Each structure stands twice: as structure tokens, then as C-alpha cells.
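# Results of the structural survey
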Amino acid sequence: MGQAHPPRRGTSASAARNTALVLVALALVSINLRPAITTIAGTMGQLQAGFGLDAHLLPLLGALPVLAFGVSAPCGPWLARRLGTGRAVAAALLVLAAALLVRVLVPGLLLPGTFLAGASIMTASVLVPQIVKANRGTGWWTGLCTMGFGLGAALGAGLVQPLQQALGGSLAWALAVWAVPALLGAALIHRTGQTAARPDGTGGPASGAGLQETTTAGGATGEAGTIPLRKQRTAWAVTAFFGLQAMLYFAVTSWLAVFLVSKGQTAADAAGLLAWFSVAGLPASLLAPVLAGRRAVLKVMGPGLGLLVAAALIGVLTAPVALQFLMVGLLGIVQSAGFGLGMALVIIRSAGPESAGSLSAMSQGLGFALASLGPLGAGFLHEWSGGWDVPFWVLAAEAVLLAVAGFLAVRGRAVSVAAAETEHLGEPAAVGR
């Protein structure tokens, strides 16, 4: 997409079209990064009969994608250095499409296929903030991407049951059909050209900011005189915030439908409320990164969202069936805002594209490894206590820790892993400005 040197006047219209194409491609990529998870969550009660899955493996199935997120985070920067960011994302989506097909169409591959789908999702996901930062994207760019995550989650949860009915009652095909948008996303992001510098050092985004990666998920860098990422407090605070909000999200999406059925909802209504959880949060996921670009708002949002999530969780636990639509919607709003803020912090609190890519890999890699404990922990606490009170109160306590992490993440120096970016330390970054 564009050249590494400043564009000539005659190329400004072409650069604008390329930028718009990148933005659309990023939105479509983001939409593909949740249905693989929420379609399984929305059909959890049918998997035993449909695929012969042992009931004791259901918590593991819910945790596998998130565990894959933590393991595969370094794959994104590694592929970007060799293929360029656009091709790396396209390759990840192609593998995702294959995983969505084989996990339900090949007997015995539901668990490994789900793990591979999660690894593919993470490979693409860690590169999204890097692309936004390289293109000097505003908070609206970040918001559009985070809203794409929520929209994909809602479509996956809300359409899986209607698709099953439309496809003659076949659960396997209702899950496999999500390979189609993954293929479309791969084609479009590849069409944009190189959204990062190619391995030979040529090319780059329209803004002129190259993305030659020299970092790893652990923050190692080839630049001398810089502080390793693992020794920067802001990086750890951002990672903690991202991991805690992700743990809450995946615990809720894995078990919310089961909880609602235990409260008296039908399976179809519970799946609908799970979709509503994502839909209700779409505006918040769009606006949170925009509002976070204002320093005064960011200082309040960091700790405030954690406390709101805690209150919403207790509300869902204690509300009667008649009020679950309202309470689930409120929980969806504050949790989606937390995810939007988590993604925005990677961009706002990094000094440049290289730092954003490295911080993205660290925060999402370690964060999702932590988040994998959410579905497992909630399932274990439910079985151990014989009810839902203990899991929900533990999750609410975790949300208070999220508030503490948010308080720390919005303070301190910006994260930098490249000497060329140190001049930007302390700037709020080009988000929401």
C-alpha cells in the first residue's frame, strides 16, 4: 500500500483510496476474529450429541482458543518480518478457514482444530494495532477494529442456530460456513498490498512509517540503548489490563448461555442473549478508543471500567429472568468498552509502530495466556460449589483487580523498544486527536 518515501501530489488520491481500502480490510479481518469462539459457546449444549464430546471436556474446549492465543502470540511479528504484515494476516486467515472446516468435518479433530483456529486468530490479532499505528490511525480506526471484534462475536453467537436450521439441522455445516468470511478477509487484506515493509526493506504504509520488525514477543530488540519491554512498568500494566479483561470476557462468553439456561431460559433464548451481550457492546467498543484519546477521560476510564464490570456481573447474577435482557446488555457494554480500551492502550501507550507491534504481542500473548484460566476457572468453581454464586463473585473480584491495572496502565512513560522512537516518549500518541 503506498511507498516508503513521501507521496507526490499526483498520488494523493491513490494514497487516500489505499488508506480507505486498508481500513475496510482491517474491519473485515476484525470481524473474523471471534466467530470461531462464540459459535462453539452458543452450541455448547449440543456438542456432546453432535460430536460425541465427553462432558468433562467442555471446559477444556472453552479454554483451548484462549490458550492458543497465549502460545501463538509471537507468530504474528515473526511472520510479519518474513512476509510483510498484510501477507502475514492473509496467511493467518487462510489457516483459520482451514481450521474451521476440519474441526467439524473430520472426526476427532474438534479439539485440535479449535486450538489451531485460536492460534490463527491470535497471529492476525497481534498485527492489527501495528497496522493502525503505522498508518497513524486515529481512535476511530481502533474503534472500528474493536467494534469488528464485537460484531463478529455477535454474528457467530446469533446466527449459528438459524444457520443450523437453514442447513437441514446440520450443526457441523453451521459451524463450518464461517470459513467463507475468513477467506474473503484473507483476499481483501492481501489486496491492500504490503501494509508493512517487506523483508527486503522496501515498501511501507501510505504514511511513510515503515514496519521493519526487530522485536519479539518478549520485547527483545536489535536497537542498542533501549530498555527491554519486560523491564518497562507500563508494558506490564497494559498487559495486566488486557489479560484481566480478556479473562472476564472469555469466562462470560463460555458460560453465560449455560448460566441463563439454569435460570430458566430456553437454549434458543440463552443463545440470543449471548448474541445480545456482543451487540449491546458494539457502540462502546467503537467509542471507548476515541474517548481514551483524551487524557482527562483516559485517567477515569482506566480504573472506572473495572468497577463497572464488577457491578454488572453482580447484576446479572442477582437479576430475575425478566431483567436479564437489561443486565446482560449492560454487562456487554462495559466489557466491550474494556476490550476497546485494552486495544487502544497498546497504541496510545507505545511510542511508534515497532513498539506497538512488540507491546501488542506481549499484552495479547501473555494476556490471553492468563485469560485461558477464565473458562476453566469458572467451570471448575461452578462444579465445585454446585451453583453460580461463587464463580460470579470471583469474577467480580477480578474486575476490581482490572480497575487497579487500569489505574497503573494510564500512568507512566510510554513504551518504547526502538531507539528511533524514544523521541516520542511521553506523547499521548495519535489516537483520538
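Whatever comes next refers back to the structure up there.
Notes on the structure in this doc start here. Not measured: the values here are computed from a predicted model. (Residues numbered from 1 in each chain as written. Predicted model: local features only at pLDDT ≥ 70, side-chain atom pairs only at ≥ 80, totals over all residues. Heavy atoms only, no water.)

### Description of helix α14 (residues 282–292)
Burial runs high along α14: eight of the eleven residues are buried. Among the residues of α14, L282, A284, S285, L286, A288, P289, V290 and A292 are the ones counted as buried. The elements touched by buried residues of α14 are α9 (139–166), α13 (267–280), α15 (295–318) and α16 (324–348). (Buried < 20%, exposed > 50% of the residue type's maximum accessible area, 1.4 Å probe, protein only. Helix = DSSP H or I, 4+ residues; strand = E, 2+ residues; numbered from the N terminus. Contact = heavy atoms within 4.5 Å.)

### Observations concerning the side chain of S254
Considering the arrangement of structural elements, one finds S254 in helix α12 (residues 233–262). The class of S254 is buried, set by a relative accessible area of 6%. Here F250 takes part through its backbone oxygen, which lies 2.8 Å from a polar atom of the side chain of S254. Residue contacts for S254: discarding those within four places in its chain leaves A41, M44, G62 and P375. (Polar contact = N/O pair within 3.5 Å; in protein donor to acceptor, adjacent residues only side chain to side chain.)

### What about α13?
Along its 14 residues, α13 runs 20 Å from first to last C-alpha, staying within 8% of the 20 Å computed at 1.5 Å per residue. Taken as a whole, α13 has its buried residues at A270, A271, L273, L274, A275, F277, S278 and A280. Lining the buried residues of α13 we find α2 (35–42), α9, α12, α14 and α16. (Expected span 1.5 Å × (residues − 1).)

### Quick look at the nonpolar core
Counting residues in hydrophobic clusters, the biggest one holds 108 residues, and the most contacted among them are F250, L256 and F368. Considering each element in turn, this core owes the most residues, 18 residues, to α12. Setting aside its immediate chain neighbours within four residues, L256 contacts L274, F277, V316 and V328. Within the second largest apolar cluster, 14 residues are counted, among which are L110, V160, A172 and L175. (Core = buried A, V, L, I, M, F, W, Y, C linked by side-chain atoms within 4.5 Å.)

### A look at the packing of α12 against helix α19 (residues 389–409)
Taken N-terminus to C-terminus, the directions of α12 and α19 make an angle of 155 degrees; their axes are 8 Å apart at the nearest point. It follows from the interaxial angle that α12 and α19 lie roughly antiparallel. The two elements α12 and α19 cross, and the hand of that crossing is left-handed. Residues T234, A237, V238, A240, F241, L244, Q245, M247, L248, A251 and F259 of α12 pack against F392, L395, E398, A399, L401, L402, A405, G406, L408 and A409 of α19. Grouping the constituent residues of the contact of α12 with α19 by class yields 17 nonpolar, three polar and one charged. (Axes fitted to C-alpha atoms, helices over the stretch in contact; angles between N-to-C directions. Parallel < 35°, antiparallel > 145°, perpendicular 65-115°, else oblique. Left-handed = near helix turned anticlockwise from the far one by under 90°. Nonpolar A, V, L, I, M, F, W, Y, C, P; charged D, E, K, R; others polar.)

### Examining empty space enclosed by the protein
Enumeration according to the criterion identifies five cavities of 30 Å³ or more in this entry. One number sums up the size of the largest cavity: a volume of about 150 Å³. If you go around the largest cavity, you meet 15 residues; those closest to its centre are R34, F149, G150, Y249 and F339. Roughly 80 Å³ of volume is contained in the second largest cavity. For the second largest cavity, the full set of lining residues is A251, V252, W255, L256, F259, A378, W388, P391, F392 and L395. Elements that contribute at least two residues to the lining of the second largest cavity include exactly α12 and α19. Take the lining of the second largest cavity: its biggest share by element is five residues, from α12. Its residues assigned to classes, the lining of the second largest cavity comprises ten nonpolar, no polar and no charged. (1 Å grid on protein atoms, 1.4 Å probe; cavity = no way out; pocket = protein on both sides within 12 Å on 5 of 7 lines; lining within 4 Å. Points joined across faces, edges and corners; volume = space filled by probe spheres on them.)

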